[in-house]
Structure formats: C-alpha cells, structure tokens
Protein chains: 2
Amino acid sequence: MKAEIITIGDELLIGQVVDTNSAFIGQELNKIGVSVYQITSIQDDKQHILEALSEAEKRVDIVIITGGLGPTKDDITKQTFCEYFNDELVENKEILAHIERLFKTTLKKPLLESNILQAKVPSKAEILHNTYGTAPGMYMKKRQKVFASLPGVPFEMKALLKDKVIPRIISEFRTPFIKHKTIITEGLGESTVAERLVHFENELPKHIKLAYLPNLNVLRLRLSGTSFNERELNIDLETLSNQLISLLEDIVIGFDDDTPELLVTNLLLEKKQTISLAESCTGGLIASTITKIPGVSAIFKGSMVTYQTPTKSYVLGVDENIIKEHSVVSTQVAKDMALKVQSNFKSDYSIATTGNAGPSKGDSDAEVGTVFIAVASPNGVVVSEFNFGNNRYKVMHKAKNKALEMLRKEILAYNK
Amino acid sequence: MKAEIITIGDELLIGQVVDTNSAFIGQELNKIGVSVYQITSIQDDKQHILEALSEAEKRVDIVIITGGLGPTKDDITKQTFCEYFNDELVENKEILAHIERLFKTTLKKPLLESNILQAKVPSKAEILHNTYGTAPGMYMKKRQKVFASLPGVPFEMKALLKDKVIPRIISEFRTPFIKHKTIITEGLGESTVAERLVHFENELPKHIKLAYLPNLNVLRLRLSGTSFNERELNIDLETLSNQLISLLEDIVIGFDDDTPELLVTNLLLEKKQTISLAESCTGGLIASTITKIPGVSAIFKGSMVTYQTPTKSYVLGVDENIIKEHSVVSTQVAKDMALKVQSNFKSDYSIATTGNAGPSKGDSDAEVGTVFIAVASPNGVVVSEFNFGNNRYKVMHKAKNKALEMLRKEILAYNK
C-alpha cells in the first residue's frame, strides 16, 4: 500500500516555512504499514494542484493533501478539489454552527464573511470535523483510491490525521506490516561503522534494509522490514537488531525514539536523582532541550545561563582569580562552574559548558569551536575539551549532545 | 526560469528526518529570480530516482538534487546519475587527494575503502569541490537544462549551493527578478487582518501576490512580485508595502527576516542596554532563542531557569511567603522574579515567566496554558496573564514571542 503526500503553499517553495507536516504524516502512515512513496510540495496554483493530484493518483493508493484551506484569498485547495472531482461547494450547517461557536466562546472575536465561507464544502466529500480550527478536513474516494485534504496548521492537521484519517485508511485497505528498529550510537563516524558492518549488510535478507542517519555526533542505524506476516517480521528484526547491537556494543547509547535528553531524564527519574546546569556557550540550549520533555520538574532543578563573563562570578560564584589566571574558556572555569551550580541548586549532578561557539572570538583567546564540558556528580568532577568546528549552530548542538552523553556515563558509573 | 528540488532519502519519507534543505535552496534560488515550481522527496530507489529526474526535466529548467551521496550502501544517487546521463564512474585524483588529506588532518581517522570510492565521479559531470566533506557535488547539462547533485548534509549542501551552483546558474540563464517584502504583525488573527485588507487585495496588480503566514501569535504578510524590470518592481513593492503598513499601523512589529528576538536584541544593541531572564515555564527557551544570534553577549547578561518551585526562592531569591500566599503561578511571583533577576544580573531590563505549559497540572492549581509574563525596566514592572492553549510546544513558544514583544514595547517606552 503506497501513499503520496502533497503539501500546498507558496511559503514552502520560497523557503519561508520548513515543511514539518510531511515528516509527521510519514511517521503515522508508516505505523499502519503504509509506505510513503513520494512527498510533493507545490504552489497555491490551480493548474499545478490539478496536475499533482492526477499524477499522484496514477502512482499511489492514498493521497494526503495539506494546506490551502485557510480563510484568505491565496487558499484555493477546496475549489480545486471540486474541479478535480467534478463537484460543487455547499454550505454545511454543522460546520457553520461550529465556527460560530468557536468565534463566540474561544476566539472571542466577531465572525467575518471569510470565516462563514469556510463552512462551504464539496458536496461529495466526507467531512472531517476540525475541533481546533475553522477549516474542516475532507475525505474523498475515487474508484479504489483515497484522497484526504487537511489544513496546513500543524496542530489541526495532526489531530485530524490521527483521529479521522488513519482509522478510515485502516478499515479501507489490507496493508503489509512495516516495522523499524533503530539503534543509536555515539562516538564513531558513519564510514567507520559501515566498515565494521560490511559482512552484516551483505547477509541481510531482501525484506530488511539498513539505513545510516548521522546527526551532530549521534549516528542512528535503522533496520526496516516489510512483510504480511507480523510475527515473523518481529522475530527477524529482533534477531538482526541483536546481532547489530553485539557488533556495536561499545558505542550503542539507545534505541528507536531515544534522544540523548530522554536517555538522561529517564535515568534520573528511575534513580530519583536531580540535575542542574551552568550554561555559557550553550546559552540555555541544554535547559530548553530538557524542558521540552513533560514531567521533568521532578529531576530538573534549573539552569544558570551566565552568558557574560562577569556574571559567572557575581551570579554563579566562580572565583574571579580562576578566570583571570586560566581565562574564561578553560578546564578550571568549567570545573568551578559545575561545582558552584551543583551547590547553588543543591542537585546530585550538574553540567557546565564554557567555550566559543563563534563566529568571532569572544572574551577569551580560545579558537572558535573550543568547548570545555564539566560534569559534577557526588563522586567529583570530570572535564573534557572538544573542538566542534566553526558553525555556531553545530557547535552548540554538538556540545549539548556530548554533555548529555557525558552526564549519562557519570550517572551509570555512580549508580553501579 | 523554473526549478525543481529533488530530495532523496528513505529517512525523509518515513518521517525520521525533517527536510530543511529544500527551504534553504528555495530561498537562495528565489534571490536570483528562479522560482521553485516543485519540491519532490523520494526514496533511495534507482527506478524512482530515474522517474523523478525524467519528470522534473519535463517540468523545469533547473533540477537540484540532494542526498544519497554518502559512503554507505543505501546511497545510490551517483550510480543512478550515471545511468540517467548514460555515463560511467571514473576515479578523480584531486578528490582522492582531498579525501586523504581530510582523513589525515581533520578527521584523524584511518581511510576506508568506502571513502576511497567517494572519489569516483561521473566522467561527464563538472565536479563541485566539497571543502567540508568527502562527497563532491556534481553539475551536469543536458540540452538547455541544468542538473546539480549535492550531498544531503545541510552544512556541506549549503556551501556548495552558494559557492558553486548559484554562480553557475546566474551565468547560464537570463532570469526575471523575483522580490519579496514581508510585513510582520502581532496582536490580530489572520481573518481579521484579511477583512481589513479586502479592498487592498482586490486592487493588487497581476504581477504582485499577497500571502498570509500565521505562526504562534505572529502573522507575516508577504508581498511577492515578478518582473524583468527590476527598477519598476522595486517601486511597485515599495508603494504597496507602504500602503499595507499604513493599513496595519497598529499591529506592525517588523519587516522581512525580522524575528521577535532580532527586533529586541538589535534595539538593545542600539540603546546599549542589557537584559536578563528568569524563566520557569519557558525552561530556557528565551535564553536559547536569544543566544542563537551571534554577538549578543554585549546585551544579554544571562538567565536563571528556576524550574522547580523551591529554586525560585533559594537560587533566585523570591520571597517564599509570596509563593505561599499567591501560588507559584501568579502576578506577584512573576513580578518578584523579574525584579530579583534584574537585580542579581545588574541588567537594565528583565523578563520573567511562570505558568503551566502542560500537559498536566504542576505545582499550582493554574489551568494548563496559563502563563504570567513580567517585564522589568528602569521604570518599574509590568505583568500580564495569558492562556496559550493546551499544547506544550505552543504554550512555550507563544509565551516566548509574547514576552519578547512586551519587552520591545517597554524598551521603546523607556527610551522615548
């Protein structure tokens, strides 16, 4: 069973907005054994939408369309849908009532003519009620093919896809099972790992593929299998992933949707221990990465982002003489930052970062890319020096990943 | 002049990786007057790549391909390129020397067989030398059409596109000018703004389009024009954007690539004033957003992320009785957090956030989505209460945007 995602909107093609919807849709379809064959992003242009629909219809069984359903003039998906399916727009009383209610109670704004027009829908479409917004989704069948049109607003699209579209697809098609097993490693590059896996890859059965996904010092290895026999597929993936784990034992840090931050927070939740941060060159990135995860207030005490050099002394309490003697980007300062924040926040562990993320040199002579990371535990402090290159974004994110991995090792060592 | 972007990689279609390359390529092509007609994402599959190349060749003049050039088995773009152009792979001595040097000096790892294979390139392609990685780019012409194949690693792709591909396209084609003017507003919803602009939109000339781009409380209005006459296009856009600004005077906050964080940091740099933050429910997000911008250490002193309730007292210095009396999510606590952090960091301004980002209730009885934002200036403190809905990501990001907008107003008021 194959699907195509069509995302509509000039903002995607001129690069003003990154298309994050497609990745979400791809994940959800994959879970139910539907393989996304292609993602096509096109302009808000009638002729182009018609062509894309017609080409997708030839290629796949399921077409998911997002975008172009808003109340403004540049949103033309609904009219084009009518033209494609030889249909016409009719006013839907339930949707109108929902829109009126939404404006009265939640939005507390006057209802406008353009919003009332949003209650007009193609007469042949099954309407997918949108709880969170004014634009309803639409579900259409044409011979054996299925078309779903959803709003482009990620929050609304996600709810409609999960609650309305996925259940309809499941009941409509018999799909093979597609399963993935991802092994996450840290410490070796893509080609070194590939060299180690030459034999493993050559022996892979036809229905299982291996992919390498490197990203900022973390390398994900994904095994993907397709089969109509779920039980056999599970066994195959289990066997092969165990082989893979034993080949990569020294560098495996986690599995599947694990991230460095999830691994660390779950470990702390399990051990009932706490963490605080003193961030200089990472500027709050580690704190904000950890607090994306709900429920971390049990283990995350807080962070001191001491961005200007003097604040490291008068806010965090680092000895000024250490900074004078060793410079602000040094082993000694990283170490003292970690100890001071651990004591200020009364936490079991702490991380400190000090370095130069670039593009120009800061308050020290350190090369761009130099980062010192210290991790304090009840056992003491470890400090390491790194150079993460000359791209600001990459320096900060690699430092974040490395700091979390260092912390994970210290937690495991302390609790052994 | 029209282009198509083809991004290759199973990880895009199963949704493991979001395609950010296309947005960057779209922006760069737009700047030189090339309109991106379509973005197509496909699997690492030879037949599918061949079809996508052939279809794109029919539709557009320029085809930019990213991905599938790595050293591992799942990367098959280069071989497929050869098949499409009826070409063969030959070893390139310069690339081999570059790869050998890279492994010896920068990567400090042994050179592997798979890396040596990366020096093999299609014999007819013009080679685009990749300073930052082992996979070179390729540039091919077929009749009047141009094909460029670039690595999928964003950092490497960006450098090759800007330094090697764009200059070649400029010298190859005569392109019309495409220009944009974006006006950024805050405070009114998309449909209310559209209602106000009905007459303006009806009077727009054919070669200028208006698009609405809403995102987390900020609404961007983008005017886009196409013409072979650059001077006239500039005048038209200038005239129309001035009309638009006067129609939206009360809600305009910035232009073009401005962001709430850029507006605030530029204003502080200009006024030579400083800021600090006390973040609870935003968990370091405001600090990390500000420190993404290089050169902010002149105005950004730092942040205290006091995530656990007790740390607001023993780290930041908020009076425990205020928390007891009013609860941790309250006007009074937000106000005291702002004053304490302003004084701790000795900054001119400060922002404080306290609230409940969800999904479940935290240390207070406040509804999910409730956020208090306080901004302290040399004039005193202002505090406002908001409800940003029940999605954790949106609550945090809307609070960030709103806090920066409140701060901008206070800076303007104080310096009037």
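These numbers come from a predicted model, not from an experiment.

A. Expanded view of the pairing of strand β16 (residues 370-377) of chain A. All names here are of chain A. By the criterion of burial, β16 is predominantly enclosed, with eight of the eight residues buried. Side chains of β16 alternate between two faces, with Thr370, Phe372, Ala374 and Ala376 and Val371, Ile373, Val375 and Ser377 buried alike. Between β16 and strand β17 (residues 380-387), which pair antiparallel and follow one another directly, the connecting turn spans two residues.

B. Expanded view of the confidence of the model for chain A. Mean pLDDT over chain A: 92, with 100% of residues reaching 70 or higher. Strand β13 (residues 275-279) of chain A holds the highest mean pLDDT among the elements of chain A, 98, whereas helix α6 (residues 113-117) of chain A holds the lowest, 82.

C. Representation of the sheet that holds strand β9 (residues 177-186) of chain B in the model. Residue and element names in this part refer to chain B. Here four strands make up an open sheet; going across it, the order is β10-β11-β9-β12 and the pairing antiparallel. Among the strands making up the open sheet, the edge pair consists of β10 (208-215) and β12 (252-255). Strand-to-strand, the axes of this sheet are offset by a mean angle of 25°, without reference to chain direction. Across the sheet, helix α16 (residues 392-414) touches β9, β10, β11 (218-227) and β12, and the angle it forms with β12 is around 100°.

D. Representation of the side chain of Ser347(A). Residue and element names in this part refer to chain A. Residue placement: serine 347 occurs in the loop between α15 (331-344) and β15 (349-355). What makes serine 347 buried here is its relative accessible area of 9%. Here serine 276 takes part through its side chain, which lies 2.9 Å from a polar atom of the side chain of serine 347. Separated by 2.7 Å, the side chain of serine 347 and the backbone oxygen of tyrosine 349 make a polar contact. If we ignore the near neighbours within four places in the chain, the residues touching serine 347 are Thr274, Ile275, Ser276, Lys301 and Gln342.

E. Up close: empty space enclosed by the protein. Counted by the stated rule, this structure contains three cavities of 30 Å³ or more. Within this model, the largest cavity holds a volume of roughly 150 Å³. Lining the largest cavity are 16 residues, and of these Asp19(A), Ser22(A), Ser41(A), Asp19(B) and Ser41(B) lie nearest its centre. Looking at the lining of the largest cavity, the elements with two or more residues in it are α2 (21-31) and β2 (35-42) of chain A together with α2 (21-31) and β2 (35-42) of chain B.

Rules behind the numbers
Residues numbered from 1 in each chain as written. Chains lettered and ligands numbered in written order. Predicted model: local features only at pLDDT ≥ 70, side-chain atom pairs only at ≥ 80, totals over all residues. Heavy atoms only, no water. Buried < 20%, exposed > 50% of the residue type's maximum accessible area, 1.4 Å probe, protein only. Helix = DSSP H or I, 4+ residues; strand = E, 2+ residues; numbered from the N terminus. Pairing = 2+ DSSP bridges. pLDDT = per-residue confidence, 0-100. Axes fitted to C-alpha atoms, helices over the stretch in contact; angles between N-to-C directions. Contact = heavy atoms within 4.5 Å. Polar contact = N/O pair within 3.5 Å; in protein donor to acceptor, adjacent residues only side chain to side chain. 1 Å grid on protein atoms, 1.4 Å probe; cavity = no way out; pocket = protein on both sides within 12 Å on 5 of 7 lines; lining within 4 Å. Points joined across faces, edges and corners; volume = space filled by probe spheres on them.

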